[in-house]
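# Coordinate analysis (summary)
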Amino acid sequence: MKDRSLLMIPGPIEFEPAVLSAMGNPTPSHVAPEFIEVFGQALERMREVFLAPDGQPFVVAGSGTLAMDLAGANLVEPGDRALVVNTGYFGDRYGDLLGRYGAEVTHVRAPIGSRPALDEVEAALSAGHYKLMTVTHVDTSTGVVTDVKGLAALARARGVLIVVDGVCSVAGEVLRMTEWGVDVALTASQKAIGTPPGLALLVAGPRALEAFSHRKTDVGNYYADWTNWLPVMQAYEARKPSYFGTPAVNLVSALNVSLGQILAEGMDARFLRHSRVSQACKAGIAALGLGQVPLSDEMAATTMTAPRYPAGLAGPDFLAKAKAAGVILAGGLHPAIRGEYFRIGHMGAVSQGDVLATVGAVESALAACGYGFEHGVGIAATMGILAE
Ligand SMILES: *Cc1c(COP(=O)(O)O)cnc(C)c1O
């Protein structure tokens, strides 16, 4: 019997059958004409999904952290100043990473579940000569979404490059790279892009490439160096063979299928579907009397939900019971509150049925853990939103 558990974590997500079957095709040569066509098409489609008509896409084998590294390694030179808009675990990671390349890193922080206000970021920017600012669009450790549009406008006004860690956002959360003036946006295949883990995806805008071309020092990371990858990406898009490191051929084929599905749905329709599913999930959680890590609705992501456990409830026990009810959920990630909350990912091809099954499994698990509530009240609230 097929394992029917539903994987509802903030990546990897449930993948579409056509995407998975593309993984299983015989592996062509990385310079076979059919594969060059597929890779070239995937690069063109990335530009559309990132809403970055003037961007340069990169697809490199690795996880989302490599995508962060691609931006950090290529844009930072020793002594450069970098500002991290920090909303949790992945902001800390970005700060560490930039430090490795010699950046002088400053964090603008906020209490857990909140985000720095635009005027705090503006004050930080005005106090230092920053080369670059990183923003985590959705910090997967808190479920907090940042105002990328507003932050990009601040960075633009000061000529600071803005790098958006969109690993939990691209193709789920609204992100309009060129229109908003974002210089680099990056993600990983296994999140809202809907392809199994293993690809780092990044789009660099014209200002980022310009800054890269004016570097005075070599890139301190051989594998991540755009000098190696840029000609390869340009060649595939021009439908010409090229080589630096063997591409993850089967994954790139699967990515192209997924990007095709995303564009067939349409970006605005996709954003709307994610928003409805998110509201339905959050309404169900709230109706059950559970709080959420984000301190306000406005700060809560649409790609995931981060509910707090009711007092006295043990996390591992709850997650095992949710799994027994058919839905796999994730535990906490932020070190300061790890045992106090759990995480639901709802991105990619996520459907109304998926969110109902998820809220149902949360109800079953809460009941099995002895939490007192009126049974069905979560599902009813979720259905209420879905029926609107
Ligand atoms: C998942 C995630 C990452 C890391 O991606 P990996 O593929 O696990 O390396 C980075 N940033 C954010 C916001 C994420 O959600």
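Computed from a predicted structure; not experimentally measured.

## Thoughts on the overall build of the protein chain
Assigned secondary structure in the protein chain consists of 14 helices and 14 strands. Relative to the compact-globule value of 21 Å for 388 residues, the protein chain shows a C-alpha radius of gyration of 21 Å, a close match. A total of 388 residues make up the protein chain; the buried ones form 58% of that total. For the protein chain, contacts bridging at least 24 residues in sequence account for 72% of all contacts bridging at least 6.

## Quick word on helix α9 (residues 226-237)
For α9, spanning twelve residues, the distance from its first C-alpha to its last is 16 Å, which sits close to the expected 16 Å at 1.5 Å a residue. With nine of twelve residues buried, α9 lies mostly within the body of the structure. Where α9 is concerned, the buried positions are Trp226, Asn228, Trp229, Leu230, Val232, Met233, Ala235, Tyr236 and Glu237. Buried positions along α9 lie against α2 (33-49), β2 (56-61), α3 (64-75), β9 (184-188), β10 (199-204) and α8 (206-213). Phi turns positive, to about 60°, at Arg239, one or two residues after α9.

## Points about the domain arrangement of the protein chain
With domains assigned, the protein chain is organised as domain 1 (6-11 + 266-386) and domain 2 (17-265). Domain 1 puts 30 residues into the contact, and the matching count from domain 2 is 33 residues. Surface buried jointly by domain 1 and domain 2 totals about 2600 Å² across both partners, of which 62% is contributed by carbon and sulfur atoms. Area buried by domain 1 at its contact with domain 2 is led by Met267, Phe271 and Met299, which between them contribute 24% of it. Counting across the domain 1 and domain 2 interface gives four salt bridges.

## Focus on the sheet that holds β9
In spatial order, the strands read β2-β10-β9-β8-β5-β3-β4; together these seven strands make up an open sheet with mixed pairing. On the outer flanks of this sheet lie β2 and β4 (104-108), each paired with one strand and no other. Between one strand axis and the next, the sheet turns by 20° as a mean value, whatever way the strands run. As paired strands, strand β3 (residues 81-85) and β4 are joined by five bridges and run parallel to one another.

## Quick notes on the environment of Arg156
Summarising the element assignment, Arg156 is placed in helix α6 (residues 148-157). Given the relative accessible area of 23%, Arg156 is considered partly exposed. Linking Arg156 and Val182, residues 26 residues apart in sequence, is a C-alpha distance of 8.5 Å. The residues contacting Arg156, other than those within four sequence positions of it, are Ile162, Gly181, Asp183 and Arg207.

## Re helix α12 (residues 315-324)
Taken together, the buried positions of α12 are Gly315, Phe318, Leu319 and Ala322. Buried residues in α12, looked at end-on, bunch into an arc of 95°, giving them a common side. When the buried face of α12 is taken as reference, the exposed residues oriented beyond 90 degrees from it are Pro316 and Ala324. Buried residues in α12 make contact with β12 (327-328), β13 (330-331), β14 (342-345) and α13 (352-368). Trailing α12 by a residue or two, Gly326 shows a phi angle of about 100°, which is positive.

## Some points on the nonpolar core
In this structure, Leu75, Met133, Val184 and Leu186 are the most contacted members of the largest nonpolar core, which totals 100 residues. Both domain 1 (6-11 + 266-386) and domain 2 (17-265) contribute no fewer than three residues apiece to this core.

## A word on the site of the ligand
The full set close to the ligand counts 14 residues, and Ser63, Gly64, Thr65, Thr140 and Lys191 are the nearest of them. In this structure, Gly64 approaches the ligand through a main-chain N or O atom, which is 2.7 Å from an oxygen atom. The contact in question runs from a nitrogen atom of the ligand to an N or O atom on the side chain of Asp165, over 2.8 Å. With three residues, the top contributor of residues to the shell around the ligand is α3. In terms of residue class, the shell around the ligand is made up of six nonpolar, six polar and two charged.

## Quick notes on unusual backbone geometry
Residue Gly11 is joined to Pro12 through a cis peptide bond whose omega torsion reads -5°. Its place among the elements puts Pro12 in the loop between β1 (6-7) and α1 (17-23). Of note in this structure, Arg239 is not a glycine but carries a positive phi near 60°. Here Arg239 is to be found in the loop between α9 and α10 (249-265).

## Considerations on the pairing of β3
When you tally the buried positions in β3, you get four out of five residues, the bulk of the element. Taken together, β3, helix α4 (residues 89-100) and β4 form a β-α-β motif whose crossover is right-handed.

Reading the values: rules and limits
Residues numbered from 1 in each chain as written. Predicted model: local features only at pLDDT ≥ 70, side-chain atom pairs only at ≥ 80, totals over all residues. Heavy atoms only, no water. Helix = DSSP H or I, 4+ residues; strand = E, 2+ residues; numbered from the N terminus. Rg over C-alpha atoms; globule rule 2.2 N^0.38 Å. Buried < 20%, exposed > 50% of the residue type's maximum accessible area, 1.4 Å probe, protein only. Contact = heavy atoms within 4.5 Å. Expected span 1.5 Å × (residues − 1). Domains from an automatic or database assignment. Buried area = accessible area lost by both parts, 1.4 Å probe. Salt bridge = Lys/Arg side-chain N within 4 Å of Asp/Glu carboxyl O. Pairing = 2+ DSSP bridges. Axes fitted to C-alpha atoms, helices over the stretch in contact; angles between N-to-C directions. Arc of directions from axis to C-beta. Core = buried A, V, L, I, M, F, W, Y, C linked by side-chain atoms within 4.5 Å. Near = heavy atom within 4 Å. Polar contact = N/O pair within 3.5 Å; in protein donor to acceptor, adjacent residues only side chain to side chain. Nonpolar A, V, L, I, M, F, W, Y, C, P; charged D, E, K, R; others polar. Right-handed = clockwise from strand over helix to strand, strands pointing away.

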